[in-house]
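Chains, contacts and geometry: an overview
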Amino acid sequence: MTANGTETVTPGGEQLVVCTDAARTYGTGPGAVVAVHGASCAVTAGAGIAVVGPSGSGKSTLLHLMAGLDRPTAGRVAHPGLPEGSLPRHIGVVFQGPSLLPPLTAVENVALPLRIDGVAQAEADARAFAALEELGLEALASKLPDELSAGQAQRVAVARVLARRPRLILADEPTGQLDRESAGQVMGVLLAAAATLGAAVLVSTHDMRVADALPTRWSMADGRLVLPDGTAEEDRAEEDRAEERLAGKRRAGERQEREAR
Ligand SMILES: Nc1ncnc2c1ncn2[C@@H]1O[C@H](COP(=O)(O)OP(=O)(O)OP(=O)(O)O)[C@@H](O)[C@H]1O
C-alpha cells in the first residue's frame, strides 16, 4: 500500500488471516444475537480493504475475530503459520473509541505494548518516539490523553500500532467519532503507517469517504460478509440453495405433468 491507498502488492499473496464460514453468536436461547455468520475471506499481504456496513451489521465482531480478541462460535479463523489459539502478534488493532491510558503521556502509551512484548525500556522509548515522528506527531509526545483532541488521540493510537510493526493493521471505525477534517488526518496517518510498514490494512467504516481511500471494498449487512467478486461461501451456499429450489420446482412440475397425462 502507498499513502494514497494504491495497492502495491497483488492480491493472492501470503495470507495473514483466513476466515472460513466463521460465525459469532452472543448469548444462547431465544435472546441470542447472531452478530456474524458464514464469513469466509482472506486478507493477504499488502491488501487495502474497507469493510463497509451500517451500525450493528457485525463489523467490530468480525475484526475482533480476525485479531484473535474473540473466538468464533462456529467455523474457523486461522492465522497461517501460527498454532490455533495463539495470539496473532503480526496484527495491530486501532480501536473505535478512546484507547489511550489516561495517566500515561502519548509516547508512554506508544511504548507500553512494546514493553509488554518484552522490549527493553530504552529501545521501547526510542521506537515509540520514532513512530510518533514518522507520523509527524512528535509535538504530542509528552501530552497526556486529556490534553489531546479526539483526532490527535486517534493518531497517537495509530502510532502505537505502527511502533509494534505489524504486518496487518485492523482499524475498527477509526474515524467514527471524528469530524471530517480529523477523520481525513487519521486516515492519512493510517495509510502512511501501512505504507511505512508495507503492511496490509483493513478498515471498518460506515463512511464512504473513508472507504474510498482504500482499493478494495467488502460489505457487511446483518452479520453477513459479502466480497466484491461474490466469492463468499455464503454466496455460494445461497446459489446452491437457489439451484436446489429451482430443481425442486422442476421436479414438482414434471410430476404434475406426468400426473396430468
Ligand atoms: N457483547 C455483546 N453481547 C451481545 N450482543 C452484542 C455484543 N457485541 C455486539 N453485539 C451485537 O452484535 C451485533 C453486531 O455488533 P457489532 O458491534 O459487531 O456491529 P458493528 O457493525 O461493528 O456496529 P457499530 O459500528 O455500531 O459498532 C449487534 O446487534 C450488536 O448489538
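Looking at an unreviewed UniProt entry, one finds the chain named ABC transporter domain-containing protein and attributed to Streptomyces scopuliridis RB72.

Turning next to the overall build of the chain. For the chain, the helix and strand inventory stands at seven helices and nine strands. Surface summary for the chain: the accessible area is close to 13,000 Å², and the carbon and sulfur share equals 51%.

Let us look at the packing of helix H2 (residues 106–116) against helix H4 (residues 150–163). Interhelical geometry of H2 versus H4 gives an angle of 30° and a closest axis separation of 8 Å. For the pair H2 and H4, the sense of crossing is right-handed. Where H2 approaches H4, its residues Ala106, Asn109, Val110, Pro113 and Leu114 are matched on the opposing element by Val156, Ala159, Arg160 and Ala163.

Along the chain, Gly151 falls in helix H4. Given the relative accessible area of 3%, Gly151 is considered buried. Remark: the alpha-carbon pair of Gly151 and Val186, spanning 35 residues in sequence, is separated by 6.6 Å. For Gly151, the residues in contact, after removing those within four places along its chain, are Leu178, Ser182 and Val186.

When two helices pack together, their arrangement is captured by the angle between the axes and the distance separating the axes. With their axes 9 Å apart at the nearest point, helix H3 (residues 121–134) and H4 run at an angle of 125° to one another. When the axis of H3 is compared with that of H4, the two are oblique. Between H3 and H4 the crossing geometry is right-handed. Residues Arg127, Ala131, Leu132 and Glu134 of H3 form the contact with H4, whose own contacting residues are Val156, Ala159, Leu162 and Ala163. Class assignment for the residues of the contact of H3 with H4 results in six nonpolar, no polar and two charged.

For the rest of this paragraph, the subject is the sheet that holds strand S4 (residues 74–78). The pairing of strands in a sheet comes from backbone hydrogen bonds and takes either a parallel or an antiparallel form. The three strands are arranged S2-S1-S4 in an open sheet whose pairing can be described as antiparallel. The open sheet terminates on both sides in strands that have one partner only, identified here as strand S2 (33–44) and S4. Taken pair by pair, the neighbouring strands of this sheet meet at an average axis angle of 15°, ignoring direction. Bridge count for strand S1 (residues 15–26) against S2 is eight bridges, and the pairing is antiparallel. Across the sheet, the residue bridging to Tyr26 is Val33, located in S2. Where helix H1 (residues 59–66) meets the sheet, its contacts fall on S1, S2 and S4, and the angle it forms with S2 comes to roughly 55°.

The next point concerns the site of the ligand. Inspection of the region around the ligand gives 13 residues, with Ser55, Gly56, Lys59, Ser60 and Thr61 positioned closest. For the ligand, an oxygen atom lies 2.6 Å from a polar atom in the side chain of Ser55. One nitrogen or oxygen atom from the main chain of Gly56 is found 2.7 Å from an oxygen atom belonging to the ligand. Surface burial for the ligand is 60%, taken as the share of its 630 Å² of free accessible area covered by protein chains. Looking at which element gives the most residues to the shell around the ligand, the answer is H1, with three residues.

The mixed open sheet is built from six strands, whose spatial order is S5-S6-S7-S3-S8-S9. Pairing within the sheet leaves two strands with one partner each, and these edge strands are strand S5 (91–94) and strand S9 (224–226). Ignoring which end each strand starts from, the neighbouring axes of this sheet average 20° apart. Here S5 runs beside strand S6 (residues 168–172); their pairing, made up of four bridges, is parallel. Bridge pairing in S6 links Val94 to Ala171. Sitting on the sheet, H4 is in contact with S5 and S6, with an inclination near 170° to S5.

Criteria and cut-off values
Residues numbered from 1 in each chain as written. Predicted model: local features only at pLDDT ≥ 70, side-chain atom pairs only at ≥ 80, totals over all residues. Heavy atoms only, no water. Helix = DSSP H or I, 4+ residues; strand = E, 2+ residues; numbered from the N terminus. Areas by Shrake-Rupley, 256 points an atom, 1.4 Å probe, with all protein chains shown as cover. Axes fitted to C-alpha atoms, helices over the stretch in contact; angles between N-to-C directions. Left-handed = near helix turned anticlockwise from the far one by under 90°. Contact = heavy atoms within 4.5 Å. Buried < 20%, exposed > 50% of the residue type's maximum accessible area, 1.4 Å probe, protein only. Parallel < 35°, antiparallel > 145°, perpendicular 65-115°, else oblique. Nonpolar A, V, L, I, M, F, W, Y, C, P; charged D, E, K, R; others polar. Pairing = 2+ DSSP bridges. Near = heavy atom within 4 Å. Polar contact = N/O pair within 3.5 Å; in protein donor to acceptor, adjacent residues only side chain to side chain.

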